Amino acid sequence: MNKTPTKKVRESGLELGRMIIMFQIVFLHVCTYGNYAGASKAAGGIHEFLFYLIWLMCRGPVLLLIMIMGYFTVTKQQTVKQTFPKIKSLYLPMIFYSIFLHVAALIIDRVSDFEVFQTYGKGDLISVFFPFTHRTWYFLTLYIMVLIITPYLNMVLQKISKQEYLTLIGILGFMFCIWQPLSKMPHFNQVFQTVKVFTTEGGKSYYDFIFAYIIGGYIRLHLKEPFKKNWHNLAAFFGLGILNTGICFLYEDYKKVVPFNDNLIVLIQCVFFILFFKNLKIQSKVINAMAATNLGIYMIHEQPQFRRIIWKDWLVFSHQKGFYSTWKFPIKIILLCCIVYFGCMLVEFGRIYLFKLVGRIYNKYLSKKQIATEVSEVAEQSLSLINKKNKENA
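These numbers were taken from a predicted model, which means no experiment stands behind them.

**Quick word on a positive patch on the surface**
Right, so step 1: A contiguous patch of positive charge, built from Lys356, Arg360, Lys364 and Lys368, is present on the exposed surface.
Right, so step 2: Turning to its location among the elements, Lys356 is positioned in helix 16 (residues 329-393).

Below, the structure written as structure tokens:
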């Protein structure tokens with residue numbers, strides 16, 4: 001008796017890594033919009049130290065996602081046209097959430113006392129239909145812009161030697177990770193300037209996204225495992241985070257540039273992060289399904305109007321004086337992150353189900369339309385034959 005072959009489950013190590021990355025992003029937004037950064041710095045002492053320590057363990061998620069993209073994509077040989085299905089799968093949810101969340105924000109603005117829109121004009125309405133060019137979500141705009149040029153990047157990265165690849169990373173690393181931050185620091189800025197040369201927007205520019213893609217490609221194509229035991233990669237990640245925190249308190253001016261996504265120590269942390277999770281040999285449909293909601297979670301809680309609702313209305317209690325000053329503050333932060341992360345995940349699962357349902361209905365419609373067309377063609381052919389025979393008999 002032949003056994004039905006079981007469908008192979010995709011490796012879940014890096015998918016788990018993606019989930020943690022998105023949780024880190026939510027944490028960074030708790031720091032910014034939930035007032036954790038401001039409260040800890042105002043408190044000073046051990047509170048500020050713990051803030052920097054935790055914060056610098058979560059500093060690289062944006063470029064990490066692009067590195068992982070480079071890791072998976074660099075070996076592909078494809079044309080620009082072949083990237084369109086992937087772009088479509090990203091852009092349709094962008095349009096959906098841009099319109100849906102805007103309408104939801106308008107409704108909340110009308111039925112609640114909280115002012116979602118301080119001003120509202122035609123520009124606000126028009127921009128809803130152009131989330132890519134309007135930069136509603138800067139990360140997704142840049143993600144798609146990198147995706148479009150991956151065929152050309154891959155052609156170059158696959159052909160150059162390991163030494164040439166390292167040289168390229170070294171040149172870009174000097175520009176973005178050394179020259180650029182030094183230009184923002186006292187004394188060093190007398191020697192290093194980037195005005196009218198290049199700007200990386202603190203690691204949030206197109207330059208940095210391409211740089212991160214190149215690093216991810218190098219990990220896939222050339223990087224040898226630095227450690228025999230995988231937990232050493234994780235230890236290196238945390239060790240570098242501790243080092244970065246120490247530099248902040250030994251050299252005060254460093255705090256001006258440590259938030260940059262392209263911070264050199266943070267980028268090296270990102271490499272160890274990827275190495276650790278890619279070596280985790282786990283397979284889980286649950287993890288893979290949850291990881292698939294990542295970009296939806298990002299879009300929901302980072303849509304401009306909805307972001308104001310989340311942090312200034314629903315979670316406004318996080319701005320209360322003393323919220324982070326008790327020993328329970330780590331639990332409070334984790335709870336805030338979980339509320340946002342899993343709440344947005346549920347909404348995204350609903351969106352995925354809706355898209356699948358609409359897709360099934362549309363496919364059924366096309367199938368019926370095709371059957372109707374085929375029946376019509378057969379009927380026309382039969383009628384034509386009958387008319388032809390009638391003419392012959394006449």
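**Notes on helix 4 (residues 61-73)**
Right, so step 1: The terminal C-alpha atoms of helix 4, which comprises 13 residues, lie 18 Å apart, in line with the 18 Å expected from a rise of 1.5 Å per residue.
Right, so step 2: Helix 4 sits mainly inside the fold: 12 of its 13 residues count as buried.
Right, so step 3: Here helix 4 has its buried residues at Pro61, Val62, Leu63, Leu64, Leu65, Ile66, Met67, Ile68, Met69, Gly70, Tyr71 and Thr73.

**Re the layout of surface pockets**
Right, so step 1: The volume enclosed by the largest pocket comes to roughly 860 Å³.
Right, so step 2: Lining the largest pocket are 34 residues, with Lys86, Ser89, Leu90, Tyr143 and Leu295 positioned closest to its centre.
Right, so step 3: At the level of secondary structure, the elements contributing two or more residues to the lining of the largest pocket comprise helix 1 (13-33), helix 4, helix 5 (84-111), helix 8 (138-159), helix 13 (285-291), helix 14 (294-302) and helix 16.
Right, so step 4: With six residues, helix 5 is the largest single contributor of residues to the lining of the largest pocket.
Right, so step 5: Counted by class, the lining of the largest pocket contains 16 nonpolar, nine polar and nine charged residues.
Right, so step 6: Of the voids in this model, the second largest pocket is the one considered here, and its volume is about 550 Å³.
Right, so step 7: For the lining of the second largest pocket, the elements supplying multiple residues, two or more each, are helix 1, helix 2 (36-43), helix 3 (45-55), helix 4, helix 14 and helix 15 (304-314).

**Notes on the environment of Phe27**
Right, so step 1: Here Phe27 lies in helix 1.
Right, so step 2: Judged by relative accessible area, which is 5%, Phe27 ranks as buried.
Right, so step 3: Between the alpha carbons of Phe27 and Ile334 there is a distance of 8.1 Å; along the sequence they are 307 residues apart.

**Concerning the side chain of Ser98**
Right, so step 1: Tracing the sequence through the fold places Ser98 in helix 5.
Right, so step 2: When sequence neighbours within four positions are dropped, the list of residues in contact with Ser98 reads Ser127, Val128, Pro131, Trp137 and Gln303.

**Description of the nonpolar core**
Right, so step 1: One finds Tyr36, Phe139 and Phe209 to be the most contacted residues of the largest nonpolar core, which totals 108 residues.
Right, so step 2: For this core, the leading source of residues is helix 12 (residues 264-278), giving 11 residues.
Right, so step 3: Look past the residues within four positions of Tyr36 in its chain and what remains in contact with it is Phe27, Val30, Cys31, Leu50, Phe51, Ile54, Tyr324, Phe329 and Ile333.

**Quick notes on empty space enclosed by the protein**
Right, so step 1: Counting across every chain of the model gives one cavity of 30 Å³ or more.
Right, so step 2: Considered as a void within the structure, the largest cavity measures approximately 50 Å³ in volume.
Right, so step 3: Top element by residues in the lining of the largest cavity is helix 12. It accounts for three residues.
Right, so step 4: For the lining of the largest cavity, the class distribution of residues is seven nonpolar, three polar and one charged.

**Considering the packing of aromatic side chains**
Right, so step 1: Summed over all chains, the structure comprises 33 aromatic pairs.
Right, so step 2: Relative to Phe209, the ring of Phe139 has its centre 5.7 Å away and its plane inclined at 55°; by these criteria the two rings are tilted. Taken together, the residues span a long stretch of sequence, with Phe139 in helix 8 and Phe209 in helix 10 (residues 206-221) at a distance of 70 residues. When sorted by exposure, Phe139 lands in the same class as Phe209, which is buried.
Right, so step 3: On the numbers, 5.6 Å between centres and 65° between planes, the contact of Phe176 with Phe211 is edge-to-face. With Phe176 in helix 9 (residues 162-182) and Phe211 in helix 10, the pair connects residues that are 35 residues apart, well separated along the chain. There is no split in this pair, since Phe176 and Phe211 are both buried.
Right, so step 4: Here a set of aromatic residues connected by ring pairs shows up, and it is made of Phe27, Tyr36, Phe49, Phe51, Tyr52, Trp55, Phe249, Phe317, Phe323, Tyr324 and Phe329.

**Concerning the pattern of salt bridges**
Right, so step 1: Inspection of every chain in the model, using the stated rule, returns seven salt bridges.
Right, so step 2: The salt bridge involving Lys255 is made with Glu48; its shortest N-O contact spans 3.2 Å. In this pair, Lys255 sits in the loop between helix 11 (231-250) and helix 12 while Glu48 sits in helix 3, placing the two residues 207 residues apart along the sequence.
Right, so step 3: The exposure class of Glu48 is buried, given its relative accessible area of 16%.
Right, so step 4: Of the charged contacts in the structure, one is a salt bridge between Arg351 and Glu348, with a shortest N-O distance of 2.6 Å. In this pair, Arg351 and Glu348 are both assigned in helix 16, three residues apart and thus about one turn of the helix distant. Like Glu348, Arg351 is buried.
Right, so step 5: By sharing partners, the salt bridges in this structure join Glu48, Glu252 and Lys255 into a single network.

Basis of the calculations
- Residues numbered from 1 in each chain as written.
- Predicted model: local features only at pLDDT ≥ 70, side-chain atom pairs only at ≥ 80, totals over all residues.
- Heavy atoms only, no water.
- Patch = residues over 30% accessible without salt bridge, like charges linked within 9 Å, V, L, I, M, F, W, Y side chains within 5 Å.
- Areas by Shrake-Rupley, 256 points an atom, 1.4 Å probe, with all protein chains shown as cover.
- Salt bridge = Lys/Arg side-chain N within 4 Å of Asp/Glu carboxyl O.
- Lys, Arg positive; Asp, Glu negative; His and termini not counted.
- Charge placed at Lys NZ, Arg CZ, Asp CG, Glu CD.
- Helix = DSSP H or I, 4+ residues; strand = E, 2+ residues; numbered from the N terminus.
- Expected span 1.5 Å × (residues − 1).
- Buried < 20%, exposed > 50% of the residue type's maximum accessible area, 1.4 Å probe, protein only.
- 1 Å grid on protein atoms, 1.4 Å probe; cavity = no way out; pocket = protein on both sides within 12 Å on 5 of 7 lines; lining within 4 Å.
- Points joined across faces, edges and corners; volume = space filled by probe spheres on them.
- Nonpolar A, V, L, I, M, F, W, Y, C, P; charged D, E, K, R; others polar.
- Contact = heavy atoms within 4.5 Å.
- Core = buried A, V, L, I, M, F, W, Y, C linked by side-chain atoms within 4.5 Å.
- Phe/Tyr/Trp six-rings, centres within 6.5 Å; stacked < 30°, edge-to-face > 60°.

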